[in-house]
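Summary of structural features
Each chain is listed here by its residues.
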Amino acid sequence: MNAMNIPDALQQGINKLERTGYRVVRIVPNPPEHGGGYVAYLSKRLRTGLRLAQVEIDDAGQVTVHR
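Below, the structure is looked at part by part. These figures come from a predicted structure and were not determined experimentally. (Residues numbered from 1 in each chain as written. Predicted model: local features only at pLDDT ≥ 70, side-chain atom pairs only at ≥ 80, totals over all residues. Heavy atoms only, no water.)

Overview of the overall build of the protein
Put simply, the rule reads: Helix and strand definitions follow DSSP, with helices as H or I runs of at least four residues and strands as E runs of at least two, each counted in order from the N terminus. We take the radius of gyration over the C-alpha atoms and set the globule estimate at 2.2 Å times the residue count to the 0.38 power. Whether a residue is buried, partly exposed or exposed follows from its accessible area with a 1.4 Å probe, protein chains only, as a fraction of its type maximum: under 20%, in between, or over 50%, in that order. Between two residues, a contact is recorded if the distance between any of their heavy atoms is within 4.5 Å. Areas reported as accessible are Shrake-Rupley estimates using a 1.4 Å probe. Residue values count occlusion only from the protein chains shown. For the purpose of charge, His is not counted, nor are the chain termini; Lys and Arg are scored as positive and Asp and Glu as negative. Every charge is mapped to an atom, namely NZ of Lys, CZ of Arg, CG of Asp or CD of Glu.
Check the secondary structure of the protein and you find one helix and four strands. For the protein, the α and β elements follow one another from N to C terminus as α-β-β-β-β. Taken against the 2.2 N^0.38 rule, which gives 11 Å for 67 residues, the C-alpha radius of gyration of the protein at 12 Å falls within 12% of a compact globule. Across the 67 residues of the protein, 25% fall into the buried class. Long-range pairs, those at least 24 residues apart, make up 25% of the contacts in the protein with a sequence separation of at least 6. In the structure as shown, the protein presents an accessible area of about 4800 Å², 48% of it carried by carbon and sulfur atoms. Computing the positive centroid from 9 side-chain charges and the negative centroid from 6, the protein places the two 19 Å apart.

The analysis is restricted to geometry; functional conclusions fall outside its scope.
Given below as structure tokens:
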């Protein structure tokens with residue numbers, strides 16, 4: 001875990017999206033009934049609007065990226 005108590009696997013997923021122009025909007029913890037872990041919301045400004053993405057990590061360490 002890094003200084004912000006974000007799991008390293010989540011930070012790596014965020015870093016991959018940041019390299020393609022996404023910026024972190026918000027990082028929130030998931031409630032235990034939804035598997036625990038964290039969700040990071042990211043956005044990327046385009047000429048026609050915004051493109052959104054999210055990176056999720058559950059208590060088991062599984063990372064999922066949605067674009």
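On we go from here.
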